[in-house]
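Listed below are the residues making up each chain.
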Amino acid sequence: MSNYHIKHLEEYYQVYRKSVRNPEVFWEEIAEEHFLWRKKWDTVLSWDFSKPEVKWFEGAQLNITENCIDRHLYTRGDKTAIIFEPNNPKEEALHITYKQLHERVCKFANVLKQQGVSKGDRVCVYLPMIPELAIAVLACARIGAIHSVVFAGFSSSALATRINDASCKMVITSDGSFRGAKTIDLKGIVDEALKECECVDTVLVVNRINSDIHMESGRDKWLAPLLEKASGNFKPEIMNAEDPLFILYTSGSTGKPKGMVHTTAGYMVYTAYTFKNVFQYREQDVYWCTADIGWITGHSYIVYGPLCNGATTVMFEGVPSYPEFDRFWEIVEKHKVNQFYTAPTAIRALAKEGVTHLEKHDLSSLKVLGTVGEPINEEAWHWYDDNVGKRKAPIVDTWWQTETGGIMITPIAFATPTKPTYATLPFIGIQPALICENGKEIKGNQVDGRLCIKFPWPSMARTIWGNHERYRDTYFSAYKNMYFTGDGALRDEVGYYRITGRVDDVIIVSGHNLGTAPIEDAINEHPAVAESAIVGVPHDVKGNALFGFVTLKETGEGRNQDNLRKEINQLITEQIGPIAKLDTIQFTNGLPKTRSGKIMRRILRKIASNDVSNLGDISTLLNPEVVEEIIKSVQFK
Ligand code: PRX
């Protein structure tokens, strides 16, 4: 057990050294001691970043749900696995024990089988944060189907793209969802999407809001009556270590979303090991991550990591502002939450509402606080530390990505001294490198560069679904023999890392990754639009806000600009979802371009942020005169 729970900094360094000097021996020991295998591996690791190909625990056989559920039945059968806190605080919270979870997952797995889903098939899950979401994911894993969860805030068109890309044969959804004071017609969105998806033959529908919806005969089926008839036992499908477990889409700077493929054994080992250590989870603790299971944070640190450790994990259906801005704190008090993991954007939004919301509640159960998804600014860090953790709960600022599957750079609670805005040290087994523009590694401390990872780790994505070449080009072609993260980082005098943000055209808004290209494509579909460019500008709650520069065709020039703005945002909502709406739309007569026709976003970013004192040399542009024009039009607003 010595390697499993790291308790102080010295131990961290010892274990870290071991993990990088002899990774195979290290991970073999972790895998051997803490998981249930149907068959052990032949080879711990084989890898070649030039292909790229990475395999962990090859030859091993297992089912991840046996690790997440079955093996706890003997020791923790009556322990709560999932606490479900509904959107409406007047609706009772549900406590689902490991035994009940086992039965519900088995029933669901039987339904999936009866409906013709088998090992390797793709199933799209488009559900709100209700227990059925976690259960559906686990049921897929139990039968060996590959789940592709799509965040239920995405539009029908974004959903259709993802369903088609993975050629899913089934969609699991609900009649609707509750979100604060609103209800959302999820099934209507699915119906719209499926007009474009020939691959789907079955839609399973959870009744969540009791609404009268259209059910397409032969295709749509209510889930409840099927579950009622199903057996509560299901022998898990035995999977190979490298069989895909799930696909999860993430935005790239160009092109369509990338379906990141995560495989079974390595993902399980790494998410479980990081969960236990980063949050220092103990047997009686109640852990709450406020993310949605539609994102990687929810996959790894609401479902798989916690359940693999036999933890109690909270699932919250609602939003932090409903019915009041004290909802998070009310839940912490109600369920005596010990570890609380959220996004900087939520912290900033709550900080804005003042501390009176916090003062109404007893937060003394909190032992560890976490953040994820974007850089946390110093002010928000201190607000979190002072008011939520009362300076007693360490903040783990965890840096990682959809692609990395698990937490990569992070403090280990109670072991690593924290430092505001720093994700601090690489997790066990992780070998980061900072690289300068010419591709050379920058050694030593007090330096900055592009963040890469030099050595494989168990939970890294293995490919992009259906497009291995894109996987290679995006992550392994910038620097030889390195995984390139797309982020910039600096290393301080003691070797702590601070993530400085994306160095590509991905903008993180409220913790959500948004590629500029898909948003620009949506805008350009407007008949009056000739061209557009999106940049991010600093925003005190969202981290970044989207600022769009749009040039109109002649036909659009006489049109009312406010109406055009509304129409453009409507198009973005339809194509991607409301999260990608622009805060500001500036119409211009042209966009600054290089002589080869590339839009100079660097200049636009400065103009949008009102930082025009040093625009650099613009004389080499194709159209330097538009820069002055744009500056004027923005300043006149
Ligand atoms: O830019 C980094 C930022 O979020 C990106 C990954 O986004 P996504 O794949 O959606 O996964 C988010 C949840 C793991 C990264 O490339 N990011 C994530 N965590 C941090 C962060 N930036 C700074 N500090 C963090 N703790």
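What you see is a predicted model; the values in this text were computed from it and never measured.

1. Focus: the overall build of the chain
A tally of helices and strands in the chain yields 20 helices and 30 strands. Against the compact-globule benchmark of 26 Å for 637 residues, the chain has a radius of gyration of 24 Å, which places it among compact chains. Taken over the C-alpha atoms alone, the chain extends approximately 75 × 65 × 55 Å along its principal axes. In the chain, which comprises 637 residues, the proportion classed as buried is 61%. Restricting to contacts in the chain with at least 6 residues of sequence separation, those with at least 24 account for 71%. Entry remark: accessible area of the chain is about 24600 Å², with carbon and sulfur atoms responsible for 47%. Considering the chain, the positive charge centre built from 72 side chains and the negative charge centre built from 79 side chains are found 3 Å apart.

2. A few points about the UniProt feature "domain: Acetyl-coenzyme A synthetase N-terminal" (unreviewed entry) in the chain
Per the UniProt annotation, the sites labelled "domain: Acetyl-coenzyme A synthetase N-terminal" (unreviewed entry) are residues 12-68. Between the C-alpha atoms that bound residues 12-68 the distance is 26 Å, and the span itself is 47% helix and 25% strand.

3. Thoughts on the UniProt feature "domain: AMP-dependent synthetase/ligase" (unreviewed entry) in the chain
In the numbering adopted here, UniProt assigns the feature "domain: AMP-dependent synthetase/ligase" (unreviewed entry) to residues 71-462. The annotated region residues 71-462 carries 31% helix and 22% strand content, and the separation between its end C-alpha atoms amounts to 27 Å.

4. Things to note about the pairing of strand S26 (residues 506-509)
Burial along S26 is two-sided: Val 506 and Ile 508 facing one way and Ile 507 and Val 509 facing the other are all buried. Here S26 runs beside strand S27 (residues 512-515); their pairing, made up of 4 bridges, is antiparallel. Residue pairing in the sheet places Ile 507 in a bridge with Leu 514 of S27. What sits between the antiparallel neighbours S26 and S27 is a turn of 2 residues, in which Ser 510 has the positive phi angle 50°.

5. As for the layout of surface pockets
Computed from the structure, the second largest pocket encloses a volume of approximately 330 Å³. Mapped by element, the contributors of at least two residues to the lining of the second largest pocket are helix H7 (156-165), S27 and helix H17 (516-524). Split by residue class, the lining of the second largest pocket holds 8 nonpolar, 7 polar and 4 charged.

6. Digging into the packing of H7 against helix H8 (residues 186-194)
Between H7 and H8, whose axes approach to 8 Å, the crossing angle comes to 55°. As summarised for this structure, H7 and H8 are arranged oblique, according to the angle between their axes. With respect to the hand of their crossing, H7 and H8 are arranged in right-handed fashion. Facing H7, whose interface residues are Ser 156, Leu 159, Ala 160 and Ile 163, H8 presents Ile 189, Val 190, Glu 192, Ala 193 and Leu 194. For the contact of H7 with H8, the residue count by class is 7 nonpolar, 1 polar and 1 charged.

7. Brief notes about the site of the ligand
The environment of the ligand is formed by 18 residues, the closest being Asp 397, Thr 398, Thr 402, Asp 487 and Arg 502. At 3.1 Å from a nitrogen atom of the ligand is found a main-chain nitrogen or oxygen belonging to Gly 373. Counting only elements with at least two residues in the shell around the ligand, the list comes to helix H11 (296-308), strand S20 (395-398) and strand S25 (497-502). A breakdown of the residues in the shell around the ligand according to their chemical character gives 7 nonpolar, 6 polar and 5 charged.

8. Observations concerning the pairing of strand S1 (residues 43-48)
Sheet topology places S1 next to strand S2 (residues 53-58); 5 bridges connect them, and they run antiparallel. Within the sheet, the bridge partner assigned to Ser 46 lies in S2 and is Lys 55. The hairpin turn running from S1 into S2, its antiparallel successor, is 4 residues long.

9. Here's the deal with the pattern of salt bridges
Applying the stated criterion across every chain, the model contains 41 salt bridges. Arg 208 is the salt-bridge partner of Glu 91, the closest N and O atoms lying 3.1 Å from each other. Of this pair, Glu 91 sits in the loop between strand S4 (80-85) and strand S5 (94-97) while Arg 208 sits in the loop between strand S11 (202-206) and strand S12 (220-222), and the two are 117 residues apart along the sequence. A relative accessible area of 30% means that Glu 91 is categorised as partly exposed. Residue Asp 386 is joined to Arg 391 by a salt bridge in which the shortest nitrogen-to-oxygen separation is 2.8 Å. Taking relative accessible area as the criterion, Arg 391 reaches 62% and is therefore assigned exposed. Within this structure, Glu 85, Arg 327, Glu 330 and Lys 334 form a network of salt bridges that share partners.

10. Things to note about the packing of aromatic side chains
Geometrically, a pair of aromatic rings is defined through the distance of the ring centres and the angle of the planes. Scanning the model with the defined rule gives 44 aromatic pairs in all. Taken together, a centroid distance of 6.0 Å and an interplanar angle of 65° make the contact between Phe 26 and Tyr 273 edge-to-face. With Phe 26 in helix H2 (residues 23-34) and Tyr 273 in helix H10 (residues 264-278), the pair connects residues that are 247 residues apart, well separated along the chain. Summarising the burial analysis for this pair, Phe 26 and Tyr 273 share the class buried. Both rings, one in Tyr 267 and one in Tyr 304, keep their centres 5.6 Å apart while their planes meet at 85°; by these two values the pair is edge-to-face. Here Tyr 304 lies in helix H11 and Tyr 267 lies in helix H10, a separation of 37 residues in the sequence. The residues Tyr 267 and Tyr 304 share a single accessibility class, namely buried. Here the basic side chain of Arg 162 rests over the ring of Phe 154, its NZ or CZ set 4.2 Å away from the ring centre.

11. What about the sheet that holds strand S21 (residues 432-435)?
Here we have 4 strands laid out as an open sheet, ordered S21-S22-S24-S25, and antiparallel in their pairing. The open sheet is flanked by S21 and S25, the only strands paired with a single partner. When strand polarity is set aside, the average angle formed by the axes of neighbouring strands in this sheet is 45°. The pairing of strand S22 (residues 447-453) with strand S24 (residues 483-491) spans 6 bridges and is antiparallel. From the neighbouring strand, Ile 453 faces S24, where its bridge partner is Tyr 483.

12. Some remarks on helix H16 (residues 468-475)
Regarding H16, the residues found buried are Arg 470, Tyr 471 and Tyr 475. Taken down its axis, H16 places every buried residue within 105° of arc, on the same side. The inward-facing, buried residues of H16 abut strand S15 (258-263), strand S23 (463-464) and S24.

Procedures and definitions
- Residues numbered from 1 in each chain as written.
- Predicted model: local features only at pLDDT ≥ 70, side-chain atom pairs only at ≥ 80, totals over all residues.
- Heavy atoms only, no water.
- Helix = DSSP H or I, 4+ residues; strand = E, 2+ residues; numbered from the N terminus.
- Rg over C-alpha atoms; globule rule 2.2 N^0.38 Å.
- Buried < 20%, exposed > 50% of the residue type's maximum accessible area, 1.4 Å probe, protein only.
- Contact = heavy atoms within 4.5 Å.
- Areas by Shrake-Rupley, 256 points an atom, 1.4 Å probe, with all protein chains shown as cover.
- Lys, Arg positive; Asp, Glu negative; His and termini not counted.
- Charge placed at Lys NZ, Arg CZ, Asp CG, Glu CD.
- UniProt positions renumbered as here; feature names shortened; annotations may be inferred.
- Pairing = 2+ DSSP bridges.
- 1 Å grid on protein atoms, 1.4 Å probe; cavity = no way out; pocket = protein on both sides within 12 Å on 5 of 7 lines; lining within 4 Å.
- Points joined across faces, edges and corners; volume = space filled by probe spheres on them.
- Nonpolar A, V, L, I, M, F, W, Y, C, P; charged D, E, K, R; others polar.
- Axes fitted to C-alpha atoms, helices over the stretch in contact; angles between N-to-C directions.
- Parallel < 35°, antiparallel > 145°, perpendicular 65-115°, else oblique.
- Left-handed = near helix turned anticlockwise from the far one by under 90°.
- Near = heavy atom within 4 Å.
- Polar contact = N/O pair within 3.5 Å; in protein donor to acceptor, adjacent residues only side chain to side chain.
- Salt bridge = Lys/Arg side-chain N within 4 Å of Asp/Glu carboxyl O.
- Phe/Tyr/Trp six-rings, centres within 6.5 Å; stacked < 30°, edge-to-face > 60°.
- Lys NZ or Arg CZ within 6 Å of the ring centre and 35° of its normal.
- Arc of directions from axis to C-beta.

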